[in-house]
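Spelled out, the chains give:
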Amino acid sequence: DTAVSQTPKYLVTQMGNDKSIKCEQNLGHDTMYWYKQDSKKFLKIMFSYNNKELIINETVPNRFSPKSPDKAHLNLHINSLELGDSAVYFCASSQRAGENNEQFFGPGTRLTVL
Amino acid sequence: AQSVTQLDSHVSVSEGTPVLLRCNYSSSYSPSLFWYVQHPNKGLQLLLKYTSAATLVKGINGFEAEFKKSETSFHLTKPSAHMSDAAEYFCVATRGKLIFGQGTELSVKP
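Not measured: the values here are computed from a predicted model.

A. Main features of the overall build of chain A. When its secondary structure is counted, chain A shows 0 helices and 11 strands. Taken from the N to the C terminus, the helices and strands of chain A come in the order β-β-β-β-β-β-β-β-β-β-β. Its C-alpha atoms give chain A a radius of gyration of 13 Å, within 12% of the compact-globule value 13 Å for 114 residues. Taken along its principal axes, the extent of the C-alpha atoms in chain A is 35 × 30 × 30 Å. Among the 114 residues that make up chain A, the fraction classed as buried is 42%. Nonlocal contacts in chain A, meaning residues at least 24 apart in sequence, comprise 55% of its contacts between residues at least 6 apart. Accessible surface for chain A amounts to roughly 5800 Å². Of this, 49% is attributable to carbon and sulfur atoms. Each charge class in chain A can be summarised by its mean position, and for the 13 positive and 12 negative side chains these summaries are 5 Å apart.

B. Geometry of the environment of H82 of chain B. Residues and elements named next belong to chain B. Tracing the backbone through its elements, the reader meets H82 in the loop between β9 (73-78) and β10 (87-94). Residue H82 is classed as partly exposed on the basis of its relative accessible area, which comes to 42%. Here the alpha-carbon distance between H82 and F67, two residues 15 residues apart in the chain, equals 24 Å. Polar contacts involving the side chain of H82 include one to the side chain of S84, which spans 2.9 Å.

C. Focus on the pairing of strand β1 (residues 3-6) of chain B. Residue and element names in this part refer to chain B. Along β1, the buried face is formed by V4 and Q6; none of S3 and T5, which line the opposite face, is buried. The sheet contact formed by β1 and strand β4 (residues 23-26) spans 4 bridges and is antiparallel. Its bridge partner being in β4, V4 is matched across the sheet by Y25.

D. Inspection of the packing of aromatic side chains at higher detail. The tally for this structure, following the rule as stated, stands at 11 aromatic pairs over all chains. When the centroid spacing of 5.5 Å and the interplanar angle of 45° are considered together, the rings of F63 of chain B and Y89 of chain B count as tilted. Pair noted here: F63 of chain B is in the loop between β7 (56-58) and β8 (64-68) and Y89 of chain B is in strand β10, with a separation of 26 residues, a long-range link. Three or more aromatic residues joined by ring pairs form one cluster here, namely Y33, Y35 and F105 of chain A together with F34, Y36, F90 and F100 of chain B.

E. The arrangement of the interface of chain B and chain A in detail. Listed as interface residues are 21 residues of chain B and, on the opposing side, 19 residues of chain A. Counting each side, the surface lost to burial between chain B and chain A is near 1700 Å², with a carbon and sulfur contribution of 52%. The largest contributions to the chain B side of the interface with chain A come from L44, K97 and F100 of chain B, which together make up 27% of the buried area. Across the chain B-chain A interface, the total number found is 1 salt bridge. Linking chain B with chain A are 3 residue pairs in polar contact (both at pLDDT 80 or more). Of all elements in the fold, only β5 (32-38), β6 (44-50), β10 and β11 (98-100) of chain B reach the threshold of two or more residues within the side of chain B that touches chain A. The biggest single contributor to the side of chain B that touches chain A is β5 of chain B, with 4 residues. In terms of residue class, the side of chain B that touches chain A is built from 7 nonpolar, 9 polar and 5 charged.

Here is what the cut-offs are and how they apply
- Residues numbered from 1 in each chain as written.
- Chains lettered and ligands numbered in written order.
- Predicted model: local features only at pLDDT ≥ 70, side-chain atom pairs only at ≥ 80, totals over all residues.
- Heavy atoms only, no water.
- Helix = DSSP H or I, 4+ residues; strand = E, 2+ residues; numbered from the N terminus.
- Rg over C-alpha atoms; globule rule 2.2 N^0.38 Å.
- Buried < 20%, exposed > 50% of the residue type's maximum accessible area, 1.4 Å probe, protein only.
- Contact = heavy atoms within 4.5 Å.
- Areas by Shrake-Rupley, 256 points an atom, 1.4 Å probe, with all protein chains shown as cover.
- Lys, Arg positive; Asp, Glu negative; His and termini not counted.
- Charge placed at Lys NZ, Arg CZ, Asp CG, Glu CD.
- Polar contact = N/O pair within 3.5 Å; in protein donor to acceptor, adjacent residues only side chain to side chain.
- Pairing = 2+ DSSP bridges.
- Phe/Tyr/Trp six-rings, centres within 6.5 Å; stacked < 30°, edge-to-face > 60°.
- Buried area = accessible area lost by both parts, 1.4 Å probe.
- Salt bridge = Lys/Arg side-chain N within 4 Å of Asp/Glu carboxyl O.
- Nonpolar A, V, L, I, M, F, W, Y, C, P; charged D, E, K, R; others polar.

Structure follows, in structure tokens:
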């Protein structure tokens, strides 16, 4: 199926650990995104990559480091996890960067930091 | 600064009755506007989008939204709610990046 996929779907870990979330899209899109959805369901963009280059970098702690090995993949590595990092993280992609382009979202990764 | 305000955090309707989810945006210009739906434990799906063409936009599953510049509104409507419409709905504006409203949870009673 053509889609945006994320792994893992659930991630439970201890404070201080380092973890990664992977995202892949097989839609042939140029642009990929990471969003964070907090416990109140508020969604905020974290990062955006266009053809493997970072184009949006919101005010995110530098413990969060995105990596795009190719334009079909955008992984998110988080160092020294904190309780406040608990959230659902969504990956998305769009054909191009720009405001009119529909974004396709992955199913989300629920991260719980204990 | 551009912001998006969804006026109701929760809306409850009976099956078969109309749905109205309200959204206002603040901007000095007409942005692109979207409505996304998020079903429980799922990702977001685009319902419809406005990009300065027709002001009445039709989307999937019988939803539509009307862009009213004078009221800076982009309310989402559906004539007849179905049980499967129960979900979280997000009004979204964009200026190079998506700016989400706070979300409206729609409940549909039998």
